[in-house]
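Chain and residue survey
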Amino acid sequence: MKNFKDKVVVITGAGSGMGRAYAIEFAKLGAKIALNDYDKKALDETVSILSSSNYKNVFALAFDVSDKTSMFDFANKVKEKLGNAHVIINNAGIEGSGRPIYLTTTEEDHKIMNINYFGVVYGTKAFLPQIVENNEGAVVNISSIFGLIGTPNNGDYCASKFAVRGFTEALMAEFHESKTISIHCVHPGGIATNIARGENGKAFSQKYLTTPPETIVKHVIQSILDKKAKIVFGNDSFKTWLGSNLVPQGILKGIIWNEIKKVVNKDDYKKFIK
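Residues numbered from 1 in each chain as written. Predicted model: local features only at pLDDT ≥ 70, side-chain atom pairs only at ≥ 80, totals over all residues. Heavy atoms only, no water.

Structural notes on the pattern of salt bridges
Tallying each qualifying case throughout the model produces nine salt bridges. As a salt-bridge pair, Arg20 and Glu45 come within 3.4 Å of each other at their nearest N and O atoms. Here Arg20, found in helix 1 (residues 17–28), pairs with Glu45, found in helix 2 (residues 40–52); they are 25 residues apart in sequence, far enough to count as distant. When its relative accessible area of 18% is taken as the criterion, Arg20 is described as buried. Between Glu133 and Lys79 there is a salt bridge, with its nearest N and O atoms 3.4 Å apart. (Salt bridge = Lys/Arg side-chain N within 4 Å of Asp/Glu carboxyl O. Helix = DSSP H or I, 4+ residues; strand = E, 2+ residues; numbered from the N terminus. Buried < 20%, exposed > 50% of the residue type's maximum accessible area, 1.4 Å probe, protein only.)

Put into structure tokens, the structure is as follows:
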């Protein structure tokens, strides 16, 4: 693709943060927009923002991306309303428990994997046939810099984002010879969104989530046009990428702990580290 004018762009998690920023930016570029979010009120707010700019080529549907049936129904409706998708941005995601793995329940593990990982899988599989039918487009899956390294109090979140990375890199290899369809894995650094809503994530959010979502969105969009497969961008992203590639694990885990221990509840660790 040389541009996004009249292309159908699907964005999950479009009720706030990066998802809303993607919707606004792609609308400026003349794309037809299909939006999803679990929070209908937030999704309606995004649609209202677009409408206030006299933008009309939008279709929105509120549902949980971890519901496979709903995702495939969404894909059918997008095709009916706007035409085949050219771009799917699997952006929807939630924060983890914000506690050590030892204290995180298996129910919490399942919940985050269902949304952060299987939501990406379902979104990819629902819209990829449309992209293949077009013989043009892009799959953009949002991982995290926590899909590059494992960090304390984020075992469940890291697992989901590592899974997204593995799934997407396998898809990259499968489409390696395609000249018209590109696969992208995005590893955002500290982006200023409201994903860290829980009490355990507040200190982390205040210290690390500083890059405006509009900034990374513009970078990602240009990277799609440039067919850049791995996109690492945002606060602390470069040093995280550097550490994950160059620093031995024995040293890296100490660096990570010394950095993250500033924003974790160390009393949690007293329960199992004597």
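Points about the layout of surface pockets
Estimated volume of the second largest pocket: approximately 210 Å³. Lining the second largest pocket, in full, are Met172, Phe175, His176, Ser178, Lys179, Ile181, Ser182, Ile183, Lys227 and Ala229. Broken down by element, the residue count for the lining of the second largest pocket peaks at three residues, all from strand 6 (residues 181–188). Among the residues making up the lining of the second largest pocket, the classes are represented as five nonpolar, three polar and two charged. (1 Å grid on protein atoms, 1.4 Å probe; cavity = no way out; pocket = protein on both sides within 12 Å on 5 of 7 lines; lining within 4 Å. Points joined across faces, edges and corners; volume = space filled by probe spheres on them. Nonpolar A, V, L, I, M, F, W, Y, C, P; charged D, E, K, R; others polar.)

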